[in-house]
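# Notes for the structure review
Listed below are the residues making up each chain.
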Amino acid sequence: MRYEGQIYRPPSEAESYILQATIGCSWNKCVYCDMYREKQFRVRELSETLTDLRTAARLTERRIDKVFVADGDALVLDMDHWRSILDCARSEPRLSRVSCYAMAENILNKSVDELRELRERGLSLLYIGPESGDDKTLKRIAKGSTFAEHVEAARKAHAAGMKISVIALLGIGGTERTVEHAERTAQLVTEMNPEYFSALTTSVVPNTPLVKLRDKGFWQLPNVNRMLEELRTIVDQARPDNALFRTNHASNYLPLGGQLPRDRQRIVAAIDAALAGKIPLRPDWARGL
Ligand code: SF4
């Protein structure tokens with residue numbers, strides 16, 4: 001199993017085999033992100049990818065039961081590439097549940113029929129990170145897609161029978177857009193109606209364009225309490241049908257979990273308790289990106 005550069009995956013894929021089918025991110029422009037900044041995007045040679053997948057199946061025996069296809073927006077792969085990967089994974093029944101990161105644009109660039117075919121071949125879960133529902137924030141952070149495009153992407157994924165995991169980023173609207181960021185993100189979660197929803201907390205990473213925006217006075221990170229208030233607004237106002245909610249990413253100050261809408265009141269009460277100083281927050285030194 002060969003990897004090039006740093007590998008990233010969602011916390012919920014900790015037990016999955018990470019298959020690096022692409023190197024980097026085809027977009028690589030989001031101002032807060034440094035994950036693949038040093039990598040020139042390319043599609044990995046298919047034969048190498050399939051060899052890694054077969055090797056993983058042989059070496060891991062029964063220890064893994066899912067595959068996460070990396071890197072940053074692997075859904076960008078063309079249909080022939082995906083067919084080969086998914087068919088190879090399906091030949092090992094343990095590895096037939098496949099997921100990947102997807103930008104809204106990756107989804108919009110495929111038809112529902114194509115997405116349905118990928119679903120039938122095993123690609124069952126897409127992780128989508130709009131980060132915000134506020135179009136002004138989306139433009140400022142160079143996310144590449146709007147509120148409406150994210151909603152349409154979610155509609156297509158669902159029409160194809162896929163599940164989606166939506167990721168929001170607390171603080172990314174800055175002090176200036178904190179209210180709009182929280183309220184529109186709640187609306188976006190309602191309209192995307194994900195099966196999984198998680199919130200991460202913005203870290204200002206050295207050498208990203210976000211640092212330049214901050215240093216020039218165009219953007220400022222809200223304080224911790226304000227970001228918790230954003231989280232409170234999002235949880236309180238979002239109306240997904242039934243989403244597993246998590247803030248278990250290492251970037252967060254307050255790890256929470258539950259089912260929305262069922263556990264909304266309990267989660268909001270926990271956030272209120274944290275805001276009142278009754279629940280300790282994760283210290284900055286213990287946070288990760
Ligand atoms: S799409 Fe994801 S991986 Fe690519 S630059 Fe944006 S945040 Fe980073």
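Up top is the structure.
Residues numbered from 1 in each chain as written. Predicted model: local features only at pLDDT ≥ 70, side-chain atom pairs only at ≥ 80, totals over all residues. Heavy atoms only, no water.

Attention now moves to empty space enclosed by the protein. Summed over all chains, the structure comprises 1 cavity of 30 Å³ or more. Reported here for the largest cavity is a volume of approximately 60 Å³. Of all the elements, helix 9 (residues 224–237) adds the most residues to the lining of the largest cavity, at 4 residues. Considering only residue class, the lining of the largest cavity consists of 7 nonpolar, 3 polar and no charged. (1 Å grid on protein atoms, 1.4 Å probe; cavity = no way out; pocket = protein on both sides within 12 Å on 5 of 7 lines; lining within 4 Å. Points joined across faces, edges and corners; volume = space filled by probe spheres on them. Helix = DSSP H or I, 4+ residues; strand = E, 2+ residues; numbered from the N terminus. Nonpolar A, V, L, I, M, F, W, Y, C, P; charged D, E, K, R; others polar.)

Interhelical geometry of helix 1 (residues 46–60) versus helix 2 (residues 79–90) gives an angle of 15° and a closest axis separation of 10 Å. One finds that helix 1 runs roughly parallel with respect to helix 2. Helix 1 and helix 2 meet at a crossing whose hand is right-handed. Across the interface between the two elements, Leu46, Thr49, Leu50, Leu53 and Arg54 of helix 1 pack against His81, Ser84, Ile85, Cys88 and Ala89 of helix 2. Its residues placed into classes, the contact of helix 1 with helix 2 shows 6 nonpolar, 3 polar and 1 charged. (Axes fitted to C-alpha atoms, helices over the stretch in contact; angles between N-to-C directions. Parallel < 35°, antiparallel > 145°, perpendicular 65-115°, else oblique. Left-handed = near helix turned anticlockwise from the far one by under 90°. Contact = heavy atoms within 4.5 Å.)

The next point concerns a nonpolar patch on the surface. Side chains of Met1, Tyr3 and Leu59 sit close together on the surface and give an oily, nonpolar patch of about 290 Å² of accessible area. Relative to the elements of secondary structure, tyrosine 3 occurs in the segment before strand 1 (17–20). (Patch = residues over 30% accessible without salt bridge, like charges linked within 9 Å, V, L, I, M, F, W, Y side chains within 5 Å. Areas by Shrake-Rupley, 256 points an atom, 1.4 Å probe, with all protein chains shown as cover. Salt bridge = Lys/Arg side-chain N within 4 Å of Asp/Glu carboxyl O.)

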